[in-house]
Structure formats: structure tokens, C-alpha cells
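# Reading the structure
Read off the chains here:
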Amino acid sequence: MTPATRQEVLGLYRRVLRIARAWQSASGQTEETTREKEYIRNEARTLFRKNRNVTDPKLIKQCIEECEARIEIGLHYNIPYPRPIHLPPMGLAHKQGRTLRHQEKLRKISKPIYLKSHDEVS
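Residues numbered from 1 in each chain as written. Predicted model: local features only at pLDDT ≥ 70, side-chain atom pairs only at ≥ 80, totals over all residues. Heavy atoms only, no water.

As recorded in an unreviewed UniProt entry, the chain goes by the name LYRM1 protein, listed as coming from Setophaga kirtlandii. In its Sequence similarities (unreviewed entry) section, the UniProt entry covering the chain states "Belongs to the complex I LYR family." (UniProt positions renumbered as here; feature names shortened; annotations may be inferred.)

Written out as C-alpha cells, the structure is:
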């Protein structure tokens, strides 16, 4: 990791922790605000620690873009949790074969950037 990339990643981590410190839930309830602040801190720690040993520049760039997207979406909608996506169900495909592999590939490609690591952590 280059020094510039390292500084960018550390800056993102500090930004997420600052957002968590100043976070106010949409409902304004103290318990909910506390729960959401804790979620933001735990999610940041988990994902940053998980990706600590990543050395591939393309993967690092993808992780940075995911972090920035999740920050912007969270601040815009005032919801710290990842927004769900609605993909067509896989109930029409057979349980094996090319059709299933094709649908799995399409689902993987169509997953938004802000949800790439969410399924791995949850």
C-alpha cells in the first residue's frame, strides 16, 4: 500500500468514527441513537480489520469506493444500515445447470458497490 493510499484509508476510518460520534437517529430516541452509533463503530472496525492485509491496488480502490458510497448513502438517508436491494427471485431457474450459474453471475454483477462486503460480515 502506498503512503497516499494509507493516508486515504486512515482518513476514511477517522471520518467514519467522527460520523458515529455525531450521529443522531432519524427518530431522535436516545436508545436508537446509541444503538446506531454502536453499529457504525462496530461495522467500521470489523470491515477495516478484515481488509487490513489487502495488498491488491484494485481491491483497495474497490474497498475505498464502497466505504465512501456507504458514508454518502448513510448520511443522505440518515440510516446507518445498508439499504436493501431488490433483485428478481431465483425461483424460476433449475437447481443446477447453466441457467442457475448464469442467474448467480447476474446477481453478483448487479449487486451495488455499497453491499459488496455486507454479506461477508453478516
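We describe a pair of aromatic rings using the distance from one ring centre to the other and the angle between the two ring planes. Counted according to the given criterion, the structure contains 2 aromatic pairs. With a centroid separation of 4.8 Å and an interplanar angle of 65°, the aromatic rings of Tyr13 and Phe48 are classed as edge-to-face. Of this pair, Tyr13 sits in helix 1 (residues 3-22) while Phe48 sits in helix 2 (residues 30-50), and the two are 35 residues apart along the sequence. On the basis of relative accessibility, which here comes to 22%, the residue Tyr13 falls in the partly exposed class. Residue Phe48 is classed as partly exposed on the basis of its relative accessible area, which comes to 23%. (Phe/Tyr/Trp six-rings, centres within 6.5 Å; stacked < 30°, edge-to-face > 60°. Helix = DSSP H or I, 4+ residues; strand = E, 2+ residues; numbered from the N terminus. Buried < 20%, exposed > 50% of the residue type's maximum accessible area, 1.4 Å probe, protein only.)

Attention shifts here to helix 2. Spacing of three or four residues puts side chains on the same side of an α-helix, whose turn is 3.6 residues. Under the 1.5 Å per step criterion, the end-to-end length of helix 2 is 30 Å for 21 residues, consistent within 8% with the ideal 30 Å. Within the span of helix 2, buried status applies to Thr33, Glu36, Tyr39, Ile40, Glu43, Ala44 and Leu47. Buried residues of helix 2, seen end-on, are gathered within an arc of 125° and therefore sit on one face of the element. Across from the buried face of helix 2, at angles greater than 90 degrees, the exposed residues are Thr30, Glu31, Arg35 and Arg49. (Expected span 1.5 Å × (residues − 1). Arc of directions from axis to C-beta.)

The phi angle of most residues is negative, glycine excepted, and most peptide bonds adopt the trans form. We note that Asn78 has phi near 60°; this positive angle belongs to a residue other than glycine. Within the fold, Asn78 resides in the loop between helix 3 (57-77) and helix 4 (98-110). Overall, the relative accessible area of 26% leaves Asn78 in the partly exposed class.

Our focus in this paragraph is the layout of surface pockets. Size it by volume and the largest pocket reaches roughly 940 Å³. Per element, the largest residue contribution to the lining of the largest pocket is 12 residues, and it comes from helix 3. Taken together, the residues that form the lining of the largest pocket break down as 27 nonpolar, 4 polar and 11 charged. (1 Å grid on protein atoms, 1.4 Å probe; cavity = no way out; pocket = protein on both sides within 12 Å on 5 of 7 lines; lining within 4 Å. Points joined across faces, edges and corners; volume = space filled by probe spheres on them. Nonpolar A, V, L, I, M, F, W, Y, C, P; charged D, E, K, R; others polar.)

The biggest cluster of nonpolar side chains holds 13 residues, and the ones touching the most others in it are Leu12, Val16, Ile40, Ile64, Cys67 and Ile71. Contributions of two or more residues to this core are made by helix 1, helix 2 and helix 3. The leading source of residues in this core is helix 1, at 5 residues. When neighbours within four sequence positions are excluded, Ile71 is seen to be in contact with Leu12, Arg15, Val16 and Ile19. (Core = buried A, V, L, I, M, F, W, Y, C linked by side-chain atoms within 4.5 Å. Contact = heavy atoms within 4.5 Å.)

Relative to the elements of secondary structure, Ile64 occurs in helix 3. Not counting the four nearest positions on each side in its chain, Ile64 is found in contact with Thr5, Glu8, Val9 and Leu12.

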